[in-house]
Amino acid sequence: MSVSTVAAAPSVCAPLPVLGRDVTVPLVTGGEVTYAALDYAASAPALQRVWDDVAAYAPYYGSVHRGAGYLSQLSTDLFENARRTVAEFLDCREGDQVVFTRSTTDSLNLLAAALPADCRVFVFETEHHASLLPWRGAQVTYLDAPRSPREAVETLERALADRTAWIEGGHGPALVCVTGASNVTGELWPVRELTAAAHAHGARIVLDAAQLAPHHQVSVADLDVDWVAFSGHKLYAPFGSGVLAGRADWLRAAEPYLAGGGASRKVGRREDGGVDVEWHDSAARHEAGSPNVIGAYALASACKALTEAGFDTLVAREQYLVRKVRDGLADVPEVRFLSLFGDEAPRVGVLSFVVEGWNSSHFAAALSAEYGIGVRDGLFCAHPLLRTLLGTDPQAQGECGAPEAAPGEKSLNAIRVSFGAGTPDEHVERFVRAVKELVADGAKWNYRTEDGRCVPDTSA
């Protein structure tokens, strides 16, 4: 049985087919419009190719690894083949492990749980919370937001140079955690240079590729990172899958992330009434329980689809859309794009901005209700970075995505528009037109705050 389909590689100007491309949504002003999904940075729509592959496999779904039946054996083969596909997609080195997880957040928490004793972690304050927060059990050095790629490397080198006394004191190893592309600004980080700096000082490095892998080819071997983490739901694959891939030694030495069936090779009772456990030293060590085989298969299908489409083609189209947004709004002075490295810095299809005179939640609500455009507003689970970009106290706390200020009041939040391989030109063109109209004419509808969100007022 074959459960794969082959999609033809698109031209530079053609989006890949995705689910939901023909969905219509109601407008508060009346009528309906095709939904413009411009929140890819949160969750990208599933590729049609991925959905077709999963649908073809679904009737043959079975338990994984320990079943004797044909469907179980088929599902096991698909699951392990998915692991090999992901390893190829990431250009992993010989001996690297690919562990299936639930998400990037899950992957980085897994690695945090596997850190050797007395490990010191270095992380920029600009990280998404998924890569900023898991290390709290270790000794963490938080690095200030850099204002250029060069400053990022120099900041890390200074911090790692101070580690000499740490090593001489007989302390443990070090780990650097860094993003590949910002989920707020879309800017590309100098991963290769940061990796070289880390290794020069005897530290290891993990790459948060959640926003990078859907847009650019990620080669573990070429970048020389020790680990990479990413999520299926940002890579055009549904079903809650993620990956942690990289060096096996720390993972093999650590206690299993979850204790249970599948992680254990042998379990026996002791004479004192306890149990002895021999754990697997393969990826299974950290994949206890029945695995998400459909999620892993969907993620592998997305990896194949993006590889076949060609990242050069995908990058060219995405940069075309980025220019469409920036050029289209260049003559709107009320719109200010947020950036660490400058407006001309290389980036993926993620742009965040604020609009003078508007609460960002109000603006995003109007884009949705009056134009059928879905964007994101708030702090994007990167609170310290947003506060740095917006010129406010980076230590202040806030509720992500739920500003409390009423429409029209100043509030600490921004708007993010993001797109990718499935975005048609019309969605971006409608977005640019809508921003201009809202800035020039204001909203056509009244809005109110409900449960911390700005929503259309339908009480009249």
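What you see is a predicted model; the values in this text were computed from it and never measured.

Definitions and cut-offs
Residues numbered from 1 in each chain as written. Predicted model: local features only at pLDDT ≥ 70, side-chain atom pairs only at ≥ 80, totals over all residues. Heavy atoms only, no water. Helix = DSSP H or I, 4+ residues; strand = E, 2+ residues; numbered from the N terminus. Rg over C-alpha atoms; globule rule 2.2 N^0.38 Å. Buried < 20%, exposed > 50% of the residue type's maximum accessible area, 1.4 Å probe, protein only. Areas by Shrake-Rupley, 256 points an atom, 1.4 Å probe, with all protein chains shown as cover. Lys, Arg positive; Asp, Glu negative; His and termini not counted. Charge placed at Lys NZ, Arg CZ, Asp CG, Glu CD. Axes fitted to C-alpha atoms, helices over the stretch in contact; angles between N-to-C directions. Parallel < 35°, antiparallel > 145°, perpendicular 65-115°, else oblique. Left-handed = near helix turned anticlockwise from the far one by under 90°. Contact = heavy atoms within 4.5 Å. Patch = residues over 30% accessible without salt bridge, like charges linked within 9 Å, V, L, I, M, F, W, Y side chains within 5 Å. Salt bridge = Lys/Arg side-chain N within 4 Å of Asp/Glu carboxyl O. Pairing = 2+ DSSP bridges.

Topic: the overall build of the protein chain
Helix and strand counts for the protein chain stand at 14 helices and 19 strands. Computed over its C-alpha atoms, the radius of gyration of the protein chain comes to 23 Å, within 12% of the 23 Å expected for a compact globule of 460 residues. The dimensions of the protein chain, computed from C-alpha atoms along their principal axes, are 75 × 60 × 45 Å. Within the protein chain, buried positions represent 54% of all 460 residues. Surface accessibility of the protein chain: about 19,400 Å² in total, with carbon and sulfur atoms responsible for 50%. Taken as two groups, the 40 positive and 58 negative side-chain charges of the protein chain have centres that lie 2 Å from each other.

Here we look at the packing of helix α2 (residues 70-89) against helix α10 (residues 293-309)
Relative orientation of the contacting elements α2 and α10 amounts to 40 degrees, with a least axis distance of 9 Å. Overall, the two elements α2 and α10 adopt an arrangement that is oblique. The hand of the α2/α10 crossing is left-handed. Facing Ser 75, Leu 78, Phe 79, Ala 82, Thr 85, Val 86 and Phe 89 of α2, the residues of α10 in contact are Val 293, Ala 296, Tyr 297, Leu 299, Ala 300, Cys 303, Lys 304, Leu 306 and Thr 307.

Structural notes on a nonpolar patch on the surface
Among the surface-exposed residues, Val 267, Val 275 and Val 277 lie close enough to one another that they form a single nonpolar patch of about 230 Å² accessible area. Checked against the element boundaries, Val 275 lands in strand β12 (residues 275-279).

What about the sheet that holds strand β10 (residues 242-246)?
Strand order in the open sheet made by the seven strands is β4-β10-β9-β8-β7-β5-β6, with mixed pairing throughout. Every interior strand has two partners, whereas the edge strands, β4 (97-101) and β6 (139-143), have only one. Between one strand and the next, the sheet's axes are offset by a mean angle of 20 degrees, whatever the strand orientation. In the packing of helix α7 (residues 191-200) onto the sheet, the strands contacted are β5 (120-124), β7 (174-179) and β8 (204-208), and the crossing angle to β8 comes to about 155 degrees.

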